[in-house]
Amino acid sequence: MQTERLLEDIKSRIDIVELISGFIQLKKTGQNWKGLCPFHTEKTPSFTVSQAKQIFHCFGCGVGGDVISFMSKYENLSFNESLALLAKKAGIPFTFGKPDKKTLQKNEQIRNSLVEAMNYFAARLKESEAAAGYLKNRGLNSGSLDLFRLGYAPPGWHNLLKHLRNSGYHDSIIKEAGMAVSGNRGFYDMFRERIIFPILSISGNVVGFGGRAFNDAMPKYINSPETVVFKKSDTLFGLYNAKEEILKKDYVIIVEGYMDTIVCYQYGFRNVVAPLGTSLTSGHLQKLRALTDKAVLVFDGDAAGISAAKRALTLICRMDFRPKVLLLPDREDPDSYLQKHGDSAFMRLLETAKSMIDFLFGVSGEEKVKTAREALVMIAGIKDLLVADEMLIELSEKTRINEAAIRQEYRKIKNRPVPRRNDSYETPPFAGNREEHILLSTLIAFPEKIDYVLSVIDFGEIRDKTVASLMKKLASMKDKKDLAGLLDDVDEQERSLFTKLSVDPGFDMEHADRNIEDCIERIKENKLDERFRLAEVSGDIKHINSLLIEKQKLIKEKEL
């Protein structure tokens, strides 16, 4: 199937609002849908999706595109890999084309080998009484095993390796997928005699594995190494299963481990996720921030848990979350607590989760002023001024320190020189050559007027190279009713401008013809002014006089 036809079929079968809603929270605003951009940190939604035009654009960072562009950027996929994924979703047969065929096929083999490994581990779990018995004794039911696709890596150094080789996978693919490593024993399995937890991307594709020893082997947990499809600092365990419930409840429960996540889900707490044996990262929170701005951090109540909570709060404030903290009773984690006391008791605990201020003062052994400064440092990281204001009032009430003093200290901390983070890329609507942008915007909204415009101006009169390039591509399109197809043949600058003008034209639709005439007139004037300046620089009096006559003629035409 030709790529152009495939693109048309995918876009006709997959609605962009439905697709993106599976990854971020969108709300209807007028004719469009809006949400927080998943590609940069923001507090006010600027990510806009047009259902009518089947495109998206972020007015904060400038990224834009269609369903293919979104999947490519969100899941870090190549163009053809996005095509393959969406074609499968739409039920359309697809084979890779010529562009970068070798790399594309290799990445596809890596993904397929991970699926094969997951199925292998699942089959071994059903065969192992010891492994199945261990999980049963840990309180997991068959539904949880199936939902989270748990498996088992049997003892031995080459079990999975032999299976994947017999399934047609080369050693290089197995290694790049992170399922075998080289060492003193040669080339051997990464996971041996461990319970296997498949790690899924937010779209449900297996990208790696976590392995837990159920004997005395050390380390207790190991994870797949980072690969072309797996980045630990961006991936959360359980997010694929939890995303709909996070959107529904508008908050996320963040726990520490695989078992905590699964047991929480089993007991009905389905908006729960966990990092992969590491501290929370900005990558983790960026994924969650697209779904909600509220988080309950659940930690053990020991010193290590308190320290981890403080580290997490510092970062979570910078990502503009509204956090609460739940410290569990001594020597308890969500897994053990739920299995001992049940869902109702755990819900009551969740309801007692403390605000950040209450948590800091509840665990602090320091004097009041020192703890207040610790809280102010965290609050200073919050970009949402209203949320920060709420916390400052709470801090003043908690400490009984005069609010004016609290705010003065806050401003001192806030104004300390720090390396600037480029979190906002917002630009004015029509930076540069305004009339050229408005003309292009009009043509995108009314493509039937393209031929007329191109009959009265030429591309040489367009100073903005991005606008000129898009106009050329508009002119060359066979089907001008399907302008979204233009996105398949543009660079990043062109895509950003096209989607921006498509989502927000920036002119009165009722006066399109007047816009066109005014813009053409102004473009011609600009071109003439530029020629006049060049003639003045060169000192060509004859050419200057000729241009003056041309300018007077243009003024008379304008007056008519």
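Residues numbered from 1 in each chain as written. Predicted model: local features only at pLDDT ≥ 70, side-chain atom pairs only at ≥ 80, totals over all residues. Heavy atoms only, no water.

Draft legend 1. Spatial organisation of the sheet that holds strand β12 (residues 252–254). Ordered in space as β13-β12-β14-β15-β16, the five strands form an open sheet in which the pairing is mixed. Looking at which strands have only one partner, the edges of the open sheet turn out to be β13 (272–273) and β16 (354–355). Looking at chain direction, strand β15 (residues 322–327) and β16 are connected through two bridges and run antiparallel. Residue Val-325 lies in a different strand from β16, and its bridge partner there is Lys-354. (Pairing = 2+ DSSP bridges. Helix = DSSP H or I, 4+ residues; strand = E, 2+ residues; numbered from the N terminus.)

Draft legend 2. Geometry of the environment of Cys-519. Note that Cys-519 resides in helix α23 (residues 512–538). Exposure remark for Cys-519: the relative accessible area of 6% places this residue in the buried category. In this structure, the C-alpha to C-alpha distance between Cys-519 and Thr-442, residues 77 residues apart in sequence, is 10.0 Å. For Cys-519, the contacting residues outside a window of four places in its chain are Glu-435, Ile-438 and Leu-439. (Buried < 20%, exposed > 50% of the residue type's maximum accessible area, 1.4 Å probe, protein only. Contact = heavy atoms within 4.5 Å.)

Draft legend 3. Highlighting the nonpolar core. By size, the foremost hydrophobic cluster in this structure holds 75 residues, and its most contacted members are Ile-10, Phe-47 and Leu-288. The element best represented in this core is helix α13 (residues 303–318), accounting for eight residues. Listed in part, the 63 residues of the second largest apolar core include Ala-153, Ala-177, Phe-187 and Ile-199. (Core = buried A, V, L, I, M, F, W, Y, C linked by side-chain atoms within 4.5 Å.)

Draft legend 4. Just the packing of helix α19 (residues 434–445) against helix α21 (residues 465–476), in detail. At their nearest, the axes of α19 and α21 sit 10 Å apart, and the two run at 25° to each other. The pairing of α19 with α21 is recorded here as roughly parallel in orientation. Regarding α19 and α21, the two cross each other, and that crossing is left-handed. Residues Glu-436, His-437, Leu-439, Leu-440 and Leu-443 of α19 touch α21, and the partners they reach there are Val-467, Leu-470, Met-471 and Leu-474. By residue class, the composition of the contact of α19 with α21 is seven nonpolar, one polar and one charged. (Axes fitted to C-alpha atoms, helices over the stretch in contact; angles between N-to-C directions. Parallel < 35°, antiparallel > 145°, perpendicular 65-115°, else oblique. Left-handed = near helix turned anticlockwise from the far one by under 90°. Nonpolar A, V, L, I, M, F, W, Y, C, P; charged D, E, K, R; others polar.)

Geometric values such as these leave the question of function open.
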